[in-house]
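# Structural characterization, general
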Amino acid sequence: MKTPDSKGTCAGPLRSSISIAALLSIAIVFGCICVRGQTPSLIPSPTATPVPTPTPIPPVIVVSSKDAPVITQTPLPGPQVTDQAVYWTVRDAILMALENNVDIAIEKKNLRIAEFNILSAEGFYDPFFVSTPTYSSAKQPNIGRFSGVASSVNSTNTNNLTLNGGIDKQFQPGGGSFTSNFSNPRITSNSGIVSPVYSPQLSFDYTQPLWRNRRIDNNRLQIYIAKKTLTLTDSQFRQQVISTIFLVQQAYWNLAFAVHNVTVQNEGVALAQKQVDDNQKQVNVGMLAPLDVVTVMATLETRRQALIQAENQASQAQTTLMNLVAPGAQAEIWTKEIVPTDFYEIPPSPASLDEAIANGYTNRPEADQFKYRKDIDRLNVDYFRNQTKPQINLVTSYSITGAGGTPTTSLSCPAGTTLASSFLCVPGNIQPTVVTSSVNSTFIGGYGTAIGNLLTNKYSTFSVGLNISLPFHNKTAQANLGRALATESQTELEERKQLQTIEVDVRNAYQSVVNAKKNLDASRLARQYAEIQLDGEQKKFAAGLSTTFLVLTRQNDLILARGSEVNALTAYNNAVSALQQATGTTLSSNNVEIK
């Protein structure tokens, strides 16, 4: 007789027991299956996992494109905050990002810059006050026959003080320009018949383009482009808000997945630890070999490693979300932990692919931006086409003048005598005669007399004419027009390409939602079946009908199934938010308005 060793002694009966139990179990299962209309008792039908209901959408969030705070139509309860953590719904995360996100703040500044560009361009048509006050003094040698000064005087002296001012104004309608000037010279001289003399003059000049630059010119072009650019920048701000909400949603659901994954890995560690304890008890009573405890302990440490990796993933997901909602590097949020309180299934907005594509064409900011770009291109084409025309300007001028002053006096000597430096006529030292200059009494007086003469409008000058400029060939204007037309055509091609991109984005996003939903439903069933399998395996192990290896395998399967379900829910929510972005419905789906 062969004496069995200790291993054979223990293993033989155990294998026999397992084989008998397995056959018995199979027989029971098949017997139950054969009963028509009954559900197998060992594999209960899984029940549907209740999907958490999302929080009802609160009032509309209003985002201002100005430097104004984000507001809601009615006050919302703030998120729960402790010293170490903030508990946020996905709505709270979106609201914080709309208030603090740096990229949104940058786009707001771009809008302000675009508004200032309009003001700067319109400033060209502001009226300007122009003044050039001057004073001059001149002394010339008295060598002219008709200098009006006695030959005994060495020089002619003239002093001129001019105080003038005027208004210059460019007109946006029609492109005309207006200039007015009021000049007030006061001249004193020893060579004139009137000194001092006042000669005020009021003049008006107006130039009106008749062909080139009449309907549009460079200054008006810059205003039109600045206004279109403001509208384009506003659309870019809307695009940035949509992009930020999308990124916040993705970061929030990824964080929720990471946190739930940590929970799943913790449950796996707890299951392994429980199995270690159970195996140790059975080793203590001699039902299992010590190697079974070692096997489970190795699995325990492997699951602890998976837990550490899950915690690291959660930490990185925290940082990603913080970066989107923090106003700066020193924000308080960096010192806290964000705890996501939402983890539900988002209902998709469009009911069909055709509806989704139509929404994409209608709502995507990129499609609107091409409309504004084409408007700018048309403005450039109109301007450069206008520049190919001849330049014909109507030039008009009207001025009125006044005069007034004090007649000068001179000393006159009899014939045959001259005025000496002693102011006596020599020879004979005769007293000279004082002679007053003959001036029309209308102009005798001071500055008031001169202004009065000006206002009578008797002394006026009017002129009208044409200023014609006709370049030969005009190659520069023709080249600029050709470039503008080519740019307009290029923009239309780029728009066509963008619309194709939108359709591809929508189709891919829609299909991703459909597939993600199927994957989510399958992962839920897989997790439920894994729970049933583990429960049955644990009961068999407790009855001595299973092994440690099988129990650990079922535990690993359950951990994997739970992680897959959490990941599938995250992927589905991310797919829905991606579809919202692709169709341009992110704002309406999240009840956000831009003012």
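Quick look at the overall build of the chain now. Helices and strands together make up the secondary structure of the chain, namely 11 helices and 19 strands. Among the 595 residues that make up the chain, the fraction classed as buried is 38%. Here the chain has roughly 33400 Å² of accessible surface; of this, 58% comes from carbon and sulfur atoms.

Taken as a whole, this structure holds nine aromatic pairs when the rule is applied. A centroid spacing of 5.3 Å and a plane angle of 85° characterise the contact between Tyr-252 and Trp-253, whose relative ring orientation is edge-to-face. These aromatic residues form a ring-pair network of at least three members: Tyr-252, Trp-253, Phe-343 and Tyr-344. A cation over an aromatic ring shows up here: Lys-169 above the ring of Phe-171, its NZ or CZ 5.5 Å from the ring centre. If you follow Lys-517 out to its NZ or CZ, it ends over the ring of Tyr-572, 5.9 Å from the centre.

A word on the side chain of Asn-474. When you line up the elements, Asn-474 lands in the loop between β18 (460–469) and α9 (475–542). According to the relative accessible area criterion, Asn-474 is buried, its value standing at 15%. For Asn-474, the side chain forms a polar contact with the main-chain oxygen of Thr-388, separated by 3.5 Å. Here Asn-474 is in contact with Arg-212, Gln-387 and Thr-388, once residues within four sequence places are set aside.

When the terminal C-alpha atoms of helix α10 (residues 548–583) are compared, their 52 Å separation across 36 residues agrees well with the 52 Å that a helix rising 1.5 Å per residue should span. Phi turns positive, to about 75°, at Gly-584, one or two residues after α10.

The tally for this structure, following the rule as stated, stands at one disulfide. Paired by a disulfide, Cys-413 and Cys-425 hold their sulfur atoms 2.0 Å apart. Across the disulfide from Cys-413 to Cys-425, rotation about the S-S bond amounts to roughly -85°, and the bridge is consequently left-handed. Taken together, the residues Cys-413 in the loop between β14 (409–412) and β15 (418–419) and Cys-425 in strand β16 (residues 425–426) connect sequence positions 12 residues apart.

Right, let's get into helix α2 (residues 90–100). Of all 11 residues in α2, eight are buried; the element is thus mostly enclosed. Buried within α2 are the following residues: Val-90, Arg-91, Asp-92, Ala-93, Ile-94, Leu-95, Ala-97 and Leu-98. Those residues of α2 that are buried are in contact with β1 (61–63), β4 (85–88), α3 (102–122), α4 (218–284), α5 (290–325) and β19 (592–594).

This structure, assessed with the given rule, holds 25 salt bridges. The residue Glu-332 makes a salt bridge to Lys-336 at a minimum N-O spacing of 3.9 Å. The exposure class assigned to Lys-336 is buried, which follows from its relative accessible area of 12%. Its salt-bridge partner being Arg-378, residue Asp-375 comes within 2.3 Å of it at the nearest N-O pair.

In this structure, Trp-88, Leu-98, Trp-253, Leu-321, Ile-333 and Ile-338 are the most contacted members of the largest nonpolar core, which totals 73 residues. The dominant element in this core, judged by the number of residues it contributes, is α4, at 18 residues. Setting aside residues no more than four positions away along its own chain, Leu-321 makes contact with Val-248, Ala-251, Tyr-252, Leu-255 and Ile-338.

Before going further, it helps to spend a moment on a nonpolar patch on the surface. Together, Leu-210, Trp-211, Leu-466, Ile-468 and Leu-470 give the surface a local cluster of nonpolar side chains, amounting to about 540 Å² of exposed area. Within the secondary structure, Trp-211 is located in the loop between β10 (201–209) and α4. Look at Trp-211 and you get partly exposed, because its relative accessible area is 42%.

Okay, the pairing of strand β8 (residues 177–189) next. Regular strands show a simple pattern: their side chains alternate between the two faces of the sheet. Across 11 bridges, the pairing between strand β7 (residues 155–170) and β8 is antiparallel. In the sheet register, Gly-165 faces β8, and the bridge partner there is Phe-182. Note that β8 and β10 share seven bridges and pair antiparallel. Following the sheet pairing, Phe-182 is matched in β10 by Leu-202. The pairing of β8 with strand β9 (residues 194–198) spans two bridges and is antiparallel.

Contact geometry for α4 and helix α7 (residues 365–387): axes closest at 9 Å, N-to-C directions at 170°. In terms of their interaxial angle, α4 and α7 are classed as roughly antiparallel. Partitioning the contact of α4 with α7 into residue classes produces 10 nonpolar, eight polar and six charged.

Tracing the sequence through the fold places Tyr-383 in helix α7. The residues contacting Tyr-383, other than those within four sequence positions of it, are Ile-216, Asp-217, Asn-218 and Leu-221.

We now examine the side chain of Glu-366. Within the secondary structure layout, Glu-366 lies in helix α7. Glu-366 gets classed as buried once you look at its relative accessible area, which sits at 16%. Apart from the residues within four sequence positions on either side, Glu-366 is in contact with Gln-239 and Gln-498.

Next up on the list: unusual backbone geometry. Across the junction of Ser-195 and Pro-196, the peptide omega takes the value -5°, indicating a cis bond. Going from Val-426 to Pro-427, the amide bond is cis rather than trans, its omega being 0°. Positive phi values are uncommon outside glycine, yet Asn-457 reaches one of about 60°. By the element assignment, Asn-457 lies in the loop between α8 (447–455) and β18. Not every positive phi belongs to a glycine, and His-473 is a case in point at roughly 70°. In this structure, His-473 sits in the loop between β18 and α9.

On average, the chain scores 84 in pLDDT, and the residues at 70 or more come to 85%. Averaged pLDDT values over the elements of the chain bottom out at 36 in helix α1 (residues 6–34) and peak at 97 in β10. In the model, residues 1–53 has pLDDT below 50 throughout and makes 28 contacts with residues more than four positions away in sequence or in other chains.

On to the environment of Ala-561, then. As for its placement among the helices and strands, Ala-561 is situated in helix α10. In this structure Ala-561 comes out as buried when scored by relative accessible area, which is 9%. Each C-alpha atom of the pair Ala-561 and Leu-525 lies 9.1 Å from the other, and the pair is 36 residues apart in sequence. With residues near it in sequence (within four places) discarded, Ala-561 still touches Ser-523, Ala-526, Arg-527 and Ala-530.

What counts and what doesn't
- Residues numbered from 1 in each chain as written.
- Predicted model: local features only at pLDDT ≥ 70, side-chain atom pairs only at ≥ 80, totals over all residues.
- Heavy atoms only, no water.
- Helix = DSSP H or I, 4+ residues; strand = E, 2+ residues; numbered from the N terminus.
- Buried < 20%, exposed > 50% of the residue type's maximum accessible area, 1.4 Å probe, protein only.
- Areas by Shrake-Rupley, 256 points an atom, 1.4 Å probe, with all protein chains shown as cover.
- Phe/Tyr/Trp six-rings, centres within 6.5 Å; stacked < 30°, edge-to-face > 60°.
- Lys NZ or Arg CZ within 6 Å of the ring centre and 35° of its normal.
- Polar contact = N/O pair within 3.5 Å; in protein donor to acceptor, adjacent residues only side chain to side chain.
- Contact = heavy atoms within 4.5 Å.
- Expected span 1.5 Å × (residues − 1).
- Disulfide = S-S within 2.5 Å.
- Salt bridge = Lys/Arg side-chain N within 4 Å of Asp/Glu carboxyl O.
- Core = buried A, V, L, I, M, F, W, Y, C linked by side-chain atoms within 4.5 Å.
- Patch = residues over 30% accessible without salt bridge, like charges linked within 9 Å, V, L, I, M, F, W, Y side chains within 5 Å.
- Pairing = 2+ DSSP bridges.
- Axes fitted to C-alpha atoms, helices over the stretch in contact; angles between N-to-C directions.
- Parallel < 35°, antiparallel > 145°, perpendicular 65-115°, else oblique.
- Nonpolar A, V, L, I, M, F, W, Y, C, P; charged D, E, K, R; others polar.
- pLDDT = per-residue confidence, 0-100.

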